[in-house]
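# Topology and contacts: notes
Residues per chain are reported as follows:
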Amino acid sequence: MIQAKTQHKIPILTIAGSDCSGGAGLQADLKTFSAHDLFGMSVVVSVVAENTARVISCFDIPKQMIDEQMLAIYEDIKPEAVKIGMLGSKEIIQCVKENLLQFESKNIVIDPVMFAKNGYALMPLENCQFFKDEIISLADVLTPNIPEAEFLCDFKITNEDDMRRAAIELHKIGAKSVLVKGGHSKDNTNDVFFDGEKFSIFKGEKIDTKNTHGTGCTLSSAIASNLALGKEKNEAIALAKEYVFGAILNSLALGKGCGPTNHFFKFEK
């Protein structure tokens, strides 16, 4: 007979778009939370019809429903960390900001999801300045990749010095700390982290695979997971980068495009 056993798990929240193919968005976030032995919760802000090869369309959830999802979470199970992904409209950006402030959210990791791998604009470009003005200041950790950092900072990033400059610029805008991800670099995947005072470089090597769908979502949710577990930012990032490396190294050969990473590789025999 199975014995009943009540367990305590640390709660964590993702506020993001839904990827019906399961490799990115809140699906990737929830898988990452589970892989870190956390209790994952979600607020859906957009529904995206996408797969490993393309984005077909996107539908934004009405503001009232986002408000009510946030209320449902915070009146019952308050998360120890929050990962924020795709925010597809000015109304959604404002709505999420108001709720984060109202509920005094902590350990906020913001991944500025702007483009899908095929170039589809998940955040309309005209919303970029509003995003910068309204919500970046709530980020305990901001995690742009190089194209996103280029767009937010309005200059080309071609080397590590440019990544440092971008991190400083985004910190000036209001982010408490900034991780500029180097996955789009040619030679390596080194990330540049600026905590407001000093820089840290998190080194990484390229893996010869096209199966990288959802890696940005996975990294940011892994950072949030480690913050929820009580890790300091540098350790949280180092552990998250190690986790994503393993997930890519053991990626899944699914789909016709960029296949998904393997969020549960550690549990496979």
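Refer to the structure above for everything that follows.
Heads up: these notes are all about the structure in this document. Note that this is a predicted model, so its numbers are computed, not measured.

## What to know about the overall build of the protein chain
- Tallying secondary structure elements over the protein chain gives eight helices and nine strands in all.
- Scaling as 2.2 N^0.38, a compact globule of 269 residues should have a C-alpha radius of gyration of about 18 Å, and the protein chain matches this with 17 Å.
- In terms of its C-alpha atoms, the protein chain occupies a principal-axis envelope of roughly 60 × 45 × 40 Å.
- Put simply, the protein chain has 269 residues, and 52% of those count as buried.
- Long-range contacts, defined as pairs at least 24 residues apart, comprise 67% of the intrachain contacts of the protein chain with a sequence gap of at least 6.
- Working note: accessible area of the protein chain is about 12,800 Å², and carbon and sulfur atoms make up 52% of it.
- The centroid of the 29 positive side-chain charges in the protein chain is displaced by 4 Å from the centroid of its 35 negative side-chain charges.

## So, the pattern of salt bridges
- Overall, the coordinates contain 12 salt bridges when judged by the stated rule.
- Here D37 ties to K9 by a salt bridge, and the two come within 2.1 Å at their closest N and O atoms. Of the two residues, D37 sits in the loop between α1 (25-35) and β2 (39-50) while K9 sits in the segment before β1 (11-19), which places them 28 residues apart along the sequence.

## Here we look at the state of the cysteines
- In this structure the tally under the stated criterion is zero disulfides.
- Among the cysteines around C153, which has no disulfide bond, C128 carries the closest sulfur, lying 9.2 Å off.
- Here C153 falls in the buried class, since its relative accessible area comes to 13%.

## Considering the side chain of K132
- Within the secondary structure, K132 sits in helix α4 (residues 128-134).
- It turns out K132 is buried and unbridged, and the closest side chain with the opposite charge, D133, is 6.7 Å from it.
- Reaching out from K132, the side chain makes a polar contact with the backbone oxygen of L152 at a distance of 2.7 Å.
- With residues up to four places along the chain from it excluded, the contact list for K132 reads L152 and I173.

## Here we look at the nonpolar core
- Grouped together as the largest cluster of nonpolar side chains are 45 residues, with contacts concentrated most on L13, I15, I84, V96, L100, F131 and I135.
- Take this core: its biggest share by element is five residues, from helix α3 (residues 90-102).
- Setting aside residues no more than four positions away along its own chain, L13 makes contact with F33, M41, S42, V43, M70, I73, Y74, P79, A81, V82 and K83.
- Membership of the second largest hydrophobic core comes to 24 residues, among which are F33, A222, I223 and I237.

## Looking at the side chain of S177
- With respect to the helices and strands, S177 occurs in the loop between α6 (160-173) and β7 (178-180).
- On the basis of relative accessibility, which here comes to 0%, the residue S177 falls in the buried class.
- In this structure the side chain of S177 is engaged in a polar contact, spanning 2.5 Å, whose partner is the backbone oxygen of D140.
- Residues contacting S177, with those up to four places away along its chain left out, are A139, D140, V141, L142, F193, F194, D195 and K233.

Criteria and cut-off values
- Residues numbered from 1 in each chain as written.
- Predicted model: local features only at pLDDT ≥ 70, side-chain atom pairs only at ≥ 80, totals over all residues.
- Heavy atoms only, no water.
- Helix = DSSP H or I, 4+ residues; strand = E, 2+ residues; numbered from the N terminus.
- Rg over C-alpha atoms; globule rule 2.2 N^0.38 Å.
- Buried < 20%, exposed > 50% of the residue type's maximum accessible area, 1.4 Å probe, protein only.
- Contact = heavy atoms within 4.5 Å.
- Areas by Shrake-Rupley, 256 points an atom, 1.4 Å probe, with all protein chains shown as cover.
- Lys, Arg positive; Asp, Glu negative; His and termini not counted.
- Charge placed at Lys NZ, Arg CZ, Asp CG, Glu CD.
- Salt bridge = Lys/Arg side-chain N within 4 Å of Asp/Glu carboxyl O.
- Disulfide = S-S within 2.5 Å.
- Polar contact = N/O pair within 3.5 Å; in protein donor to acceptor, adjacent residues only side chain to side chain.
- Core = buried A, V, L, I, M, F, W, Y, C linked by side-chain atoms within 4.5 Å.

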